Amino acid sequence: MAAEKRRELALRRLGLTVVRWNWGMLERGEVVSLLIGWLDALGLRGASPRPVAAG
């Protein structure tokens, strides 16, 4: 758990957004609305996708 938190913090420090969900949320169909909320909050819904660097 501690290693996972460190990885998440490292991603956030890079300016990335980490969105978490669990299987229960997925099974209840809640993930799409969760992601839409995050995209709206970040002003990204409807925006063109940004390329992600590999490696």
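Below or above, wherever it landed, is the structure these notes cover. Since the model is a prediction, treat every value here as computed from it, not as a measurement.

**Concerning the overall build of the chain**
Looking only at helices and strands, one finds three helices and zero strands in the chain. Start at the N end of the chain and walk to the C end: the helices and strands fall as α-α-α. For the chain, the proportion of its 55 residues judged to be buried stands at 7%. On the chain, roughly 5000 Å² of surface is accessible, and the fraction owed to carbon and sulfur atoms is 61%.

**Let's talk about the environment of R28**
You can see R28 is positioned in the loop between α2 (23-27) and α3 (31-41). A polar side-chain atom of R28 sits 2.8 Å from a polar atom in the side chain of E30.

Rules of the game
Residues numbered from 1 in each chain as written. Predicted model: local features only at pLDDT ≥ 70, side-chain atom pairs only at ≥ 80, totals over all residues. Heavy atoms only, no water. Helix = DSSP H or I, 4+ residues; strand = E, 2+ residues; numbered from the N terminus. Buried < 20%, exposed > 50% of the residue type's maximum accessible area, 1.4 Å probe, protein only. Areas by Shrake-Rupley, 256 points an atom, 1.4 Å probe, with all protein chains shown as cover. Polar contact = N/O pair within 3.5 Å; in protein donor to acceptor, adjacent residues only side chain to side chain.

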